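Structural overview for review
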Amino acid sequence: MDKRQAIGSWLSGPREALGEAGVDLGYPGEQLGLPQRGPGSIARPGRRLGALAVDWALCLLIAYGLLTDGYNQTTGNWTLLIFFALGVLTVGTVGCTPGKRLFGLRIVPQDGGRLKPLRALLRTVLLCLALPALIWDRDGRGLHDRLARTIEVRG
């Protein structure tokens, strides 16, 4: 293996390297019984990040416009608190935040049925900590989703 192959496998990630080695991992969500594409499939990272950006911008706008005088550390703290409240209330009741709704995503429990408010609370607490959301499994689910036993799917 030359240096270009080593760097290429590192940049493309372990899934690509395992695929080149002949290991069949299937598509994201296959182990969970979800379709490969379309409604009900695992949400892709681009949509998830877009929804997160919209939700954060909305919370920042509320904090900046209604609660603080100018942009400072207090604005960031209020933004995080509003983001937490938004996540718990909207995901716990309708299954999606305004950003997720805009991008056609929703949160569903792993075992089916309705999402319980305690799962939404746990998921949002872990999401606000940020680190669990940066650790993903092979299905593209963040650690916050795995611990809360939820799945972010396309609506």
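Residues numbered from 1 in each chain as written. Predicted model: local features only at pLDDT ≥ 70, side-chain atom pairs only at ≥ 80, totals over all residues. Heavy atoms only, no water.

Some points on helix α4 (residues 73-93)
Every α-helical turn comprises 3.6 residues, leaving residues that sit three or four positions apart pointing alike. The condition that has to hold: Strands here are runs of E lasting at least two residues and helices are runs of H or I lasting at least four, both read from the DSSP assignment and numbered beginning at the N terminus. Take the residue count of a helix, subtract one, and multiply by 1.5 Å to get its expected span. Exposed residues in this analysis have more than 50% of their type's maximum accessible area, buried residues have under 20%, and partly exposed residues fall in between, with area computed by a 1.4 Å probe over protein chains only. It only takes one pair of heavy atoms within 4.5 Å for two residues to be counted as in contact.
End to end, α4 covers 30 Å across 21 residues, agreeing with the expected 30 Å (1.5 Å per residue, within 8%). All buried positions along α4 are accounted for by Thr 75, Thr 79, Ile 82, Phe 83, Leu 86, Gly 87, Thr 90, Val 91 and Gly 92. Contact partners of the buried residues in α4: α3 (45-67), α5 (98-102), β1 (105-109) and α6 (117-129). One or two positions beyond α4, positive phi appears at Gly 95, with a value near 85 degrees.

Comments concerning the pairing of β1
Stated formally: Paired strands, as defined in this entry, are two strands with at least two bridges between them according to DSSP.
Counting buried residues in β1 gives 4 out of 5 residues, a clear majority hidden from the surface. Bridge analysis of β1 against strand β2 (residues 150-154) gives 5 bridges, and the strand direction is antiparallel. Its bridge partner being in β2, Arg 106 is matched across the sheet by Val 153.

Quick look at the packing of aromatic side chains
Keep this limit in mind: Each aromatic pair joins two rings of Phe, Tyr and Trp (for Trp, the six-membered one) with centres within 6.5 Å, and gets the label stacked for planes under 30 degrees apart, edge-to-face for over 60, and tilted for any other angle. Ring-over charges, as used throughout, are those where CZ of Arg or NZ of Lys falls within 6 Å of the ring centre and within 35 degrees of the ring normal.
The full count for this structure, using the stated rule, is 1 aromatic pair. Against the face of Trp 136 rests Arg 48, its NZ or CZ located 5.7 Å from the ring centre.

Structural notes on the confidence of the model for the chain
Basically, it comes down to this: As a per-residue measure, pLDDT reflects the predictor's confidence and takes values from 0 up to 100.
Looking at the chain, pLDDT values average 86 and 85% of them are 70 or higher. The spread of mean pLDDT over the elements of the chain runs between helix α1 (residues 3-12), the lowest at 58, and α5, the highest at 96.

Structural notes on the side chain of His 144
Among the secondary structure elements, His 144 is positioned in helix α8 (residues 143-148). Judged by relative accessible area, which is 3%, His 144 ranks as buried. The residues touching His 144, leaving out its near neighbours within four places in the chain, are Arg 48, Arg 123, Leu 126, Leu 127, Pro 132 and Ala 133.

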